[in-house]
Amino acid sequence: MTDRSQGDLLVAEIPFLRAYAVSLTSSVTTADDLVQETLVKAWANFGSFQQGTNLRGWLVTILRNSFYSSYRKMKREVPDPNGAYAKTLSVGAEQGSRLQLNEFREALEKLSPEHREVLVMIGIAEMSYEEAAEICGVPTGTIKSRLNRARAKLAELLSLNGVQDIGPDPVNTGVLIRAPSRVS
Amino acid sequence: MDRSGSEEVFIVQIGLGDSRVVTADDAADDINAEIPVQLDYAVQEVIGSALKDYCNDIIKSPVPDKFLSLLAKLEAEERKKGQSK
């Protein structure tokens, strides 16, 4: 009984774990190896996971430890062939993405794994700064700083100095930015 | 003309986005960074939605069979162990 729900709990987290692992490795193949290792470790140590606490955070911590202890070195030796990840993507520009996905991916790959993972933890997993800080073993301020730097670096790489060229038109942007109506 | 309008935008932009927090760790985190720390809110939105597009491709794709069979195998092994006790 408990085994079954244990499996179900883990299966439910696989999609996010894969995305997080790709953010670390920039390679779907390596990412899936990491996810596999994480699942095996999580299964073996499930007894140490406290039911009712944050399973995603626990799994991310396991995956992260595996990455930083071995995969990071490996990645330098065996870089993902250029475009290998792009070929696995089925989403085209017609899906309404405001930035070209390939362009964004290339920019993302230029960031450090520390910066990419914070983007995914906060931007995708919607973790709190505190939660991300605990997982990464750094102060909350460092998470905020990394997030800001990661975004700034992406903006720089993608030439997003203004929003005129991409995204909402200038009129709408003005409305968006001016949303708080009382401005002294 | 438009001038007061653009100043207004500028003032509000400063109030948006994450507050700048600089600690010793931040400096160590990326000491060579010569990039602005404060970003236009709309730029953050563009980056956020691009990141979602990038991740959703993986998140929304079905869980590969290899993971399901791995978990099934682990479960079967555990059940076998339980029975032999």
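Residues numbered from 1 in each chain as written. Chains lettered and ligands numbered in written order. Predicted model: local features only at pLDDT ≥ 70, side-chain atom pairs only at ≥ 80, totals over all residues. Heavy atoms only, no water.

Asks: An account of the pattern of salt bridges is needed here, citing residue identities and associated values.
Replies: Pairing is possible between side chains of opposite charge, provided their charged atoms come close. For the structure shown, the criterion picks out 9 salt bridges over all chains. Asp32(A) is the partner of Arg18(A) in a salt bridge, and the nearest nitrogen-oxygen pair spans 2.9 Å. Taken as a pair, Arg18(A) in helix H1 (residues 2-25) and Asp32(A) in helix H2 (residues 28-44) lie far apart in primary sequence, 14 residues in all. Residue Arg18(A) shares its accessibility class with Asp32(A), and that shared class is buried. Here Asp32(A) and Lys66(B) are joined by a salt bridge, their closest N and O atoms 3.1 Å apart. Of the two residues, Asp32(A) sits in helix H2 while Lys66(B) sits in helix H4 (residues 65-84), which places them in two different chains. Judged by its relative accessible area of 6%, Asp32(A) falls in the buried class. The structure contains a network of salt bridges with shared partners spanning Arg18(A), Asp32(A) and Lys66(B). (Salt bridge = Lys/Arg side-chain N within 4 Å of Asp/Glu carboxyl O. Helix = DSSP H or I, 4+ residues; strand = E, 2+ residues; numbered from the N terminus. Buried < 20%, exposed > 50% of the residue type's maximum accessible area, 1.4 Å probe, protein only.)

Asks: Give a description of the layout of surface pockets that names residues and reports values.
Replies: In this structure, the largest pocket occupies an estimated 270 Å³ of space. Around the largest pocket, the lining is made up of 14 residues, and of these Gly123(A), Arg151(A), Gln44(B), Gly48(B) and Lys52(B) lie nearest the centre. Looking at the lining of the largest pocket, the elements with two or more residues in it are helix H6 (113-123) and helix H8 (140-157) of chain A together with helix H3 (41-59) of chain B. Here the element with the most residues in the lining of the largest pocket is H3(B); it accounts for 8 residues. In terms of residue class, the lining of the largest pocket is made up of 6 nonpolar, 4 polar and 4 charged. (1 Å grid on protein atoms, 1.4 Å probe; cavity = no way out; pocket = protein on both sides within 12 Å on 5 of 7 lines; lining within 4 Å. Points joined across faces, edges and corners; volume = space filled by probe spheres on them. Nonpolar A, V, L, I, M, F, W, Y, C, P; charged D, E, K, R; others polar.)

Asks: Got a sec to walk through unusual backbone geometry? Specific residues and values, please.
Replies: All names here are of chain A. The backbone of Ser-26 sits at a positive phi, close to 60 degrees, despite the residue not being glycine. Locating Ser-26 in the fold gives a position in the loop between H1 and H2. In this structure Ser-26 comes out as buried when scored by relative accessible area, which is 3%. Of note in the backbone geometry, Ser-159 takes a positive phi value of approximately 55 degrees without being a glycine. On the secondary structure map, Ser-159 appears in the loop between H8 and helix H9 (170-177).

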